[in-house]
Structure formats: structure tokens, C-alpha cells
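Listed below, chain by chain, are the residues.
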Amino acid sequence: MSNYKAIMIGGSAGSFQVVTKIVASLPKDYPLPVMLCLHRLKHVRSGFVEALSIKSQMPIIEPDDKDPIKSGRIYLAPANYHMYVELGNKFALSTEDVVNHSRPAIDLSFFTAAYNYKNKLVGIILSGANKDGALGLKSVKDAGGLTIVQDPNECQVPTMTLASMNATNVDHVFSTQKIINFLLNLA
Amino acid sequence: MVTNEDVQRFINSIQAASTYDFTDYSERSFKRRVEKLLVDNGIDLNQLTYKLSKDKVFLEKVVRDITVNTTELFRDPEMWITLRYQILPKLKKNKSIFIWHAGCSSGQEIYSMLILLNEMGMLDQAKVFATDINSEMLEKSKAGVYKYRFNLGYLDNFDKVIRENPYNFEEKFDVPYEKYFDIDKVKDTITMKQFLREKAVFRKHDLVKDGNIFYSKFDLILCRNVIIYFNNNLQNRVIDLFGNSLYRDGFLILGAHESILGQASNSFDRTKGFYKKKQF
């Protein structure tokens, strides 16, 4: 059993295939909550959950405000909301302005998760076309959490991963397969 | 980094100098807003609390800054489709339909409702009331002018809710945008038509301390993406207020990812997308 209590993954719409691969590899009884903050097309609300659910053995949930964060579930930030983690392992949602042209903004999810989970959080940044997530990953590192970025050579668009590597001294640069192996080893 | 104690000091200084009480606001969003306030004003917390205690105009501005929420025309089209095909038809036979937009922010939800009511031939019987804690947002609501380019998504939402019929793809409604708003691409504005702008009644209202300030109950209350900023305690109080302000069988619509938790949920039947007040 690992020391970590939660995993948070950020990426943009282009990382959908990687996310699907990761999600598909996790067993039904995976012992940690996995939170996904992905840039999505603003006005397409449904479809994403359904598409991920087909591949996933863990339940995929778009959380409501104040839902408790539970192990063995995959949470997807709802379209058109920022997704925060509150002390006491609960979600909070917000319709504040877009940040980094994004809502959900990966930075905000990571800031709040880092504040809540501190050194018990694993933060992962995948392929993406803007720098959202870089400062968020730095906050994970600064709080003592573990930071991973997808290998930029493997990314369709490496802006997000490179910005993250510039922002902080990330712990691991992993291929998708290595990310999966790492996550499975936490179980 | 703003700490919980900082937030508490900020809340106390506002409370001491005004009638606003943010004690029961949800911690996370509030903390972020205080951080933003400090950055935007280029001051630290001591300077902020001092200024709040001395300067009423500044305090009002701060309250306006921290209570802004964004919205859009027909935000969450699925909800508006539910209103159009499931909820509003049930109210059509009423002589009057009382509607309260609680926490109307910049007003797009009101105009969405008025447009939908007009399309359904129900505008004349509707009495529409709109409230917000933020006087600046109320003025924006009344003005009914929005940025065009930034809000191109409004038109997609309009199409989904007003022009298409998801229950019968053959049936399309040819509703020109100009029927409801003028688009000025040079000025970059969308301006709501006057007959919509003069329809709703606007009042400043604080959900924390003000009850039902209108002389009526309501058939439909919309309060979307407001209670996400409240803690459970305040959420329950506000839901009670809505319960007491609804007619029997009245409808309450919350944001797409908000739900009624705890005891307050006993007063409502939940159907996907909306709550209906139970009969007692």
C-alpha cells in the first residue's frame, strides 16, 4: 500500500486517447481516487463520460458540488465548471471566470488538490496545447507531492508538458505505458 | 497564500462594517476570491481590512468583486430543453406564472427564460422577478447588453433550445435572432430587445439574510450555480427559503452539478434536472 491518497491528471481534449488508455488499465478495485481535469469543448456536455465509461472498469463520475471524494472512482471535472478540492476531501465547483482560457482550469484543480492532499498527491500532466497546468503541477511539487509529466516526445502537442517541466523540477518524465505501470504499482 | 485565518479576518471585517455576512460561504472559492482581491488591489490583508473598516464605498466595491459569477445565454441547453418540454407546459394553464431568478448575475438566464416563454406563447401570463446581491450585476442584467465575439456560444445554445426539437428532428423552428436581440459586430455587442428588457422586475437581495421579499409565492424558482458558494448550513437555509416560497407542486431548478443534501431534500421530489415541491 502506497503513501499516496489521490491522483490528479490534467490534459487537454487532445489527450483523450492517452486518458482512455490509462483509465482502461486500472482495475475495478483500484484503491485511490483518480481525478481528471481535462479541457473539453465547452458546449458538449455529454459523451465524454459515456466514452470513458465504456473502457473503464472503475466508475466514471462527474461530481456534484460537495460530493465526497472516494477511492476506487474516477472523477471527471464537469464541463463549464472549475473543479476544486476542499479540505475534508470534498469537491467544490465554481463558475468563476475562465483561467488560462479554460474552465475547468487545470491549475485551479491542482492548486486546491495540492493544498488538501499535500505530500499524498500524485499529479500528472499529459499532452496539451496551452500552459494551463504548469503552475498547478508546481504547486503539487511545492507541497511535497509527486509530479509526473508525459514524455513530450510522445505528446501530440507538448506545450503543456514542456511548460510544466519549465515551471518545476518534475520527478518523472514517463511514456504512457510507464505512467500506467507506475499507477498500477501504487495499488 | 491566503490562510483560513486570513479569510476569517476578512469576513469579520466586512461583517463589522456592513450587513453582509459571508460566514457560511464555501471555503475554497472564497479563499480564491480573497487572493484575487489582494492581487488586483495590490495590497496586503492588513491594508484591506483597514480600508474595509473606513471606506464604505470601497467595501461595496469589494462585495461586488467577490460575488461575481459568470453565466451565459441558455447555459446548459439540456436544462432549457427540460423546461421547454417538461416543466413549462405544466404551467401553461395557470392564469399567472410567478418565476424567481435568485442570484441572476448578469441576467442571461432571465433573457433565456423570457425568450422561451415568448416562443411558447406564455410571456404575457408570466411575472418574472430577478434578484442578486450584487448591484452592479443587477444593472448589467437590466441593460441586457453582452459581448458578441466572446459569447459566440450563445448562438449555438439558442439554436439547440429554440430552433431544434430534440424529440422530433423533423420539426425545426425558424426563429431569427433579430426577433430577440440585435447583434452589432462592429461594436461587438448583443443587445436584448426592449420588450424583453422591460419585462422583469429587478431587486437587490441577499440570500443569506433576506427572506422572500415579494408579495407572492412562486411556480418556478431558478437558482443555478449560486449555492455552490455556500456551505451545507447555509445551503439548507436557502433551500428552506425556496421551499417556503414555492407553491405546492412548484419547481426548483439548481445548477447542473448542484443537489439538495440532508434534511432539506425531504421536501422535494427529484427528477433529472429539477426538483418539485412535495405536497403536504
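Residues numbered from 1 in each chain as written. Chains lettered and ligands numbered in written order. Predicted model: local features only at pLDDT ≥ 70, side-chain atom pairs only at ≥ 80, totals over all residues. Heavy atoms only, no water.

Peer 1: Kindly report on the domain arrangement of chain B, identifying the contributing residues and their values.
Peer 2: All names here are of chain B. When its domains are assigned, chain B resolves into domain 1 (4-66) and domain 2 (77-146 + 191-277). The C-alpha centroid of domain 2 is placed 28 Å from the C-alpha centroid of domain 1. Contact residues are listed per partner, giving 12 residues for domain 1 and 15 residues for domain 2. Where domain 1 abuts domain 2, roughly 1,100 Å² becomes buried across the two surfaces, and 47% of that area is made up of carbon and sulfur atoms. Contact with domain 2 buries area across many residues of domain 1, yet Asp-24, Tyr-25 and Arg-64 alone supply 51% of it, more than any other trio. A salt bridge links Asp-24 to Arg-237; its shortest N-O distance comes to 3.2 Å. The tally of links between domain 1 and domain 2 comes to seven residue pairs in polar contact (both at pLDDT 80 or more). For the side of domain 1 that touches domain 2, the elements supplying multiple residues, two or more each, are helix H2 (27-41) and helix H4 (56-66). When its residues are assigned to classes, the side of domain 1 that touches domain 2 shows three nonpolar, four polar and five charged. (Domains from an automatic or database assignment. Contact = heavy atoms within 4.5 Å. Buried area = accessible area lost by both parts, 1.4 Å probe. Salt bridge = Lys/Arg side-chain N within 4 Å of Asp/Glu carboxyl O. Polar contact = N/O pair within 3.5 Å; in protein donor to acceptor, adjacent residues only side chain to side chain. Helix = DSSP H or I, 4+ residues; strand = E, 2+ residues; numbered from the N terminus. Nonpolar A, V, L, I, M, F, W, Y, C, P; charged D, E, K, R; others polar.)

Peer 1: I'd like a description of the environment of Ala-143 of chain A, backed by residues and values.
Peer 2: The residue Ala-143 of chain A is located in the loop between helix H4 (134-142) and strand S8 (146-150) in this model. Here the alpha-carbon distance between Ala-143 of chain A and Asn-119 of chain A, two residues 24 residues apart in the chain, equals 5.9 Å.

Peer 1: Just give me the short version of the pattern of salt bridges, but keep the residues and values in it.
Peer 2: Throughout the structure, instances matching the rule amount to 18 salt bridges over all chains. In this structure, Glu-62 of chain A and Arg-40 of chain A form a salt bridge, with 2.9 Å as the shortest nitrogen-oxygen distance. You can see Glu-62 of chain A sitting in the loop between strand S3 (60-61) and strand S4 (74-76) and its partner Arg-40 of chain A sitting in the loop between strand S2 (34-38) and helix H2 (48-55), a full 22 residues away along the chain. Residue class for Arg-40 of chain A comes out buried when judged on its relative accessible area of 12%. We note a salt bridge from Glu-119 of chain B to Lys-179 of chain B, for which the minimum N-O separation is 2.7 Å. One end of the pair, Glu-119 of chain B, is in helix H6 (residues 108-119); the other, Lys-179 of chain B, is in the loop between helix H8 (153-163) and strand S4 (181-184), and 60 residues separate them in sequence. (Buried < 20%, exposed > 50% of the residue type's maximum accessible area, 1.4 Å probe, protein only.)

Peer 1: Run through the packing of aromatic side chains, naming residues and quoting values.
Peer 2: All names here are of chain B. By the definition in use, this model includes 28 aromatic pairs over all chains. Considering the side-chain rings of Tyr-85 and Tyr-167, the 5.0 Å spacing of their centres and the 75° angle between planes classify their relative orientation as edge-to-face. With Tyr-85 in helix H5 (residues 77-91) and Tyr-167 in the loop between H8 and S4, this residue pair connects regions lying 82 residues apart in the sequence. The class for Tyr-167 is exposed, based on a relative accessible area of 53%. Taken together, a centroid distance of 6.4 Å and an interplanar angle of 55° make the contact between Phe-158 and Tyr-180 tilted. Of this pair, Phe-158 sits in helix H8 while Tyr-180 sits in the loop between H8 and S4; the two residues are 22 residues apart in sequence, bridging distant segments of the chain. Here Phe-158 falls in the buried class, since its relative accessible area comes to 0%. By the ring-pair criterion, three or more aromatic residues cluster together here, those being Phe-74, Trp-80, Phe-158, Tyr-177, Tyr-180, Phe-181 and Phe-195. A cation over a ring is seen here: Arg-33 above Tyr-229, with NZ or CZ 4.6 Å from the ring centre. The ring of Phe-173 carries the charged tip of Arg-84 above its face, separated from the ring centre by 4.7 Å. (Phe/Tyr/Trp six-rings, centres within 6.5 Å; stacked < 30°, edge-to-face > 60°. Lys NZ or Arg CZ within 6 Å of the ring centre and 35° of its normal.)

Peer 1: Describe the nonpolar core, with residues and values.
Peer 2: Of all hydrophobic cores here, the largest spans 73 residues; its most connected members are Met-35 of chain A together with Phe-10, Phe-22, Phe-242 and Leu-252 of chain B. No fewer than three residues from each of domain 1 (4-66) and domain 2 (77-146 + 191-277) of chain B sit in this core. Core analysis: the next-biggest nonpolar cluster, separate from the first, contains 46 residues, Tyr-111, Ala-130, Leu-155 and Leu-222 of chain B among them. (Core = buried A, V, L, I, M, F, W, Y, C linked by side-chain atoms within 4.5 Å.)

Peer 1: If you had to explain the pairing of strand S5 (residues 82-86) of chain A to someone new, which residues and values would you point to?
Peer 2: Residues and elements named next belong to chain A. The element S5 is largely enclosed, with a buried count of five among its five residues. By the alternation rule, side chains of S5 split into His-82, Tyr-84 and Glu-86 and Met-83 and Val-85, which are all buried. Examined bridge by bridge, S5 and strand S6 (residues 90-94) share five bridges and lie antiparallel to one another. Its bridge partner being in S6, Tyr-84 is matched across the sheet by Ala-92. Counted along the chain from S5 to the antiparallel partner S6, the turn is three residues long, and its residue Gly-88 has a positive phi close to 95°. (Pairing = 2+ DSSP bridges.)

Peer 1: Can you explain helix H1 (residues 4-17) of chain B? Please cite residues and give values.
Peer 2: Given 3.6 residues per helical turn, the α-helix brings residues three or four places apart onto the same face. All names here are of chain B. End to end, H1 covers 20 Å across 14 residues, agreeing with the expected 20 Å (1.5 Å per residue, within 8%). Buried residues of H1: Val-7, Phe-10, Ile-11, Ser-13, Ile-14 and Ala-17, and no others. Summarising the axial view, the buried residues of H1 lie within an arc of 160°, below the 170-degree limit, and thus occupy one face. More than 90 degrees from the buried face of H1, the exposed residues found are Glu-5 and Ala-16. Buried residues belonging to H1 abut H2, helix H3 (45-54) and H4. (Expected span 1.5 Å × (residues − 1). Arc of directions from axis to C-beta.)

Peer 1: Got a sec to walk through the sheet that holds strand S1 (residues 6-11) of chain A? Specific residues and values, please.
Peer 2: Residues and elements named next belong to chain A. Taking strand neighbours across the sheet as the criterion, the seven strands line up as S3-S4-S2-S1-S7-S8-S9 in an open arrangement whose pairing is parallel. The open sheet is flanked by S3 and strand S9 (172-174), the only strands paired with a single partner. Here two bridges tie S3 to S4, and the two strands are oriented parallel to one another. Residue pairing in the sheet places Ile-61 in a bridge with Tyr-75 of S4.

Peer 1: Give me the lowdown on the packing of H1 of chain B against H3 of chain B, citing residues and values where you can.
Peer 2: All names here are of chain B. Two elements in contact, H1 and H3, have axes separated by 8 Å at closest approach and are oriented at 10°. The angle between H1 and H3 places the two elements in the roughly parallel class. Of the residues in H3, those in contact with Asp-6, Arg-9, Phe-10, Ser-13, Ile-14 and Ala-17 of H1 are Leu-45, Asn-46, Leu-48, Thr-49, Leu-52 and Ser-53. For the contact of H1 with H3, the per-class residue count stands at six nonpolar, four polar and two charged. (Axes fitted to C-alpha atoms, helices over the stretch in contact; angles between N-to-C directions. Parallel < 35°, antiparallel > 145°, perpendicular 65-115°, else oblique.)

Peer 1: If you had to explain the interface of chain B and chain A to someone new, which residues and values would you point to?
Peer 2: Taken residue by residue, the interface counts 33 residues in chain B and 27 residues in chain A. Between chain B and chain A lies a buried interface of about 2,600 Å² when both sides are counted; carbon and sulfur atoms form 42% of it. When the area that chain B buries against chain A is broken down by residue, the three leading residues are Arg-28, Arg-32 and His-257 of chain B, summing to 29%. The interface formed by chain B and chain A contains one salt bridge. With its nearest N and O atoms 3.1 Å apart, the salt bridge here joins Glu-96 of chain A to Arg-32 of chain B. Our count for the chain B to chain A interface comes out at 17 residue pairs in polar contact (both at pLDDT 80 or more). For the side of chain B that touches chain A, the secondary-structure elements that each account for two or more residues are H2, H8 and helix H10 (232-245) of chain B. Among the elements that take part in the side of chain B that touches chain A, H2 of chain B stands out by supplying six residues, more than any other.

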